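Survey of secondary and tertiary structure
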Amino acid sequence: MRTLIGQFTRFGVVGALGFVIDFGVFNLLINTVLRSEAVHEGPLLAKVISTTLAIIFNWLGNRHWTFRAHRGRQLLREGIEFGVVSLGGMLIGLGCLWLSHYAFHFTSVLADNLSSNVIGLGLGTLFRFTFYRLWVFAPHRGEPEPAVFPVLGTGPTAPITAEVATVSPTTSSRRGSRAPAGGTAPAAVAPQSD
């Protein structure tokens, strides 16, 4: 339970900073170059731009701070999954903004902010935290594929450092075992390239 509370708190801090980016860029755009009077789809375009910038910030913050103990070595896979979940959260916010602005015709800046940055953000946050925790950064996920940036000295091409091998007169296989009692010391076998 402590881990969950700690993760949710860190997620909240990262999300709050992401919100500042999202809110600031959204309002800058809808009050300047993407005003709905100038560009009909201005609020939706502004939300896509602002949310995309916030998603990039949130991925870095959540990967390196919130879920750092559970982040995978599969940077590409994790990035794609994070993007899919974040896109789902963005669609929730865009859906709330679209309903408010285009279906219900609440076209003021206040209405746009309430629908996208309060209702949409709240619902999107619950969606994202749930799927980040259970899917993207899940602690039970294995690493079946090689890492994009492998740790040096691990993996199938790592040099054999402490393994000794013996060659039996009856078999020519390598085994990591000690020499039999009364026998000779094991011979070190150089690693074979594949």
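In this text the structure is predicted, and so the values were computed from the model without any measurement.

1. With respect to the nonpolar core
For soluble globular proteins, nonpolar side chains are generally found buried alongside one another. With eleven residues, the main nonpolar core is built from Phe11, Ile55, Phe67, Phe82, Val85, Met90, Leu94, Phe129, Tyr132, Val136 and Phe137. Elements with a minimum of two residues in this core: α3 (75-103) and α4 (109-136). When residues of this core are assigned to their parent elements, the largest contribution, four residues, is made by α3. Of all hydrophobic cores here, the second largest spans six residues; its members include Phe26, Leu34, Ala46 and Leu97.

2. As for the confidence of the model for the protein
A residue-level look at the protein finds 70% of positions with pLDDT of 70 or above and a mean pLDDT of 77. Contacts from residues 146-150, a stretch scored under 50 in pLDDT, to residues over four places away or in other chains number seven contacts. Here residues 158-169 scores under 50 on pLDDT; set against residues more than four positions off or in separate chains, the count is 18 contacts.

3. Quick look at the packing of aromatic side chains
The full count for this structure, using the stated rule, is eleven aromatic pairs. Seen from their ring centres, Phe82 and Phe137 are 6.2 Å apart, and the 65° between their planes marks the pair as edge-to-face. Taken together, the residues span a long stretch of sequence, with Phe82 in helix α3 and Phe137 in the segment after α4 at a distance of 55 residues. Look at Phe137 and you get buried, because its relative accessible area is 1%. Chaining the aromatic ring pairs together yields one cluster made of Phe8, Phe11, Trp59, Phe82, Phe129, Tyr132 and Phe137.

4. Examining the pattern of salt bridges
It is possible for side chains of opposite charge to pair when their charged atoms get near one another. According to the stated counting rule, one finds four salt bridges in the structure shown. Across the salt bridge formed by Arg35 and Glu37, the nearest N and O atoms sit 3.8 Å from each other. Of the residues examined, Arg35 reaches a relative accessible area of 36% and is grouped as partly exposed.

5. Section: the packing of helix α2 (residues 42-66) against α3
Remark: α2 packs on α3, axes separated minimally by 9 Å, with the N-to-C direction vectors making an angle of 145°. Remark: the crossing between α2 and α3 carries right-handed chirality. Across the interface between the two elements, Pro43, Leu44, Lys47, Val48, Thr51, Thr52, Ile55, Asn58, Trp59, Asn62 and Arg63 from α2 touch Leu75, Glu78, Gly79, Phe82, Ser86, Met90, Leu94, Leu97, Trp98, His101 and Tyr102 from α3. Of the residues assigned to the contact of α2 with α3, the class counts are twelve nonpolar, seven polar and three charged.

Rules of the game
Residues numbered from 1 in each chain as written. Predicted model: local features only at pLDDT ≥ 70, side-chain atom pairs only at ≥ 80, totals over all residues. Heavy atoms only, no water. Core = buried A, V, L, I, M, F, W, Y, C linked by side-chain atoms within 4.5 Å. Buried < 20%, exposed > 50% of the residue type's maximum accessible area, 1.4 Å probe, protein only. Helix = DSSP H or I, 4+ residues; strand = E, 2+ residues; numbered from the N terminus. pLDDT = per-residue confidence, 0-100. Contact = heavy atoms within 4.5 Å. Phe/Tyr/Trp six-rings, centres within 6.5 Å; stacked < 30°, edge-to-face > 60°. Salt bridge = Lys/Arg side-chain N within 4 Å of Asp/Glu carboxyl O. Axes fitted to C-alpha atoms, helices over the stretch in contact; angles between N-to-C directions. Left-handed = near helix turned anticlockwise from the far one by under 90°. Nonpolar A, V, L, I, M, F, W, Y, C, P; charged D, E, K, R; others polar.

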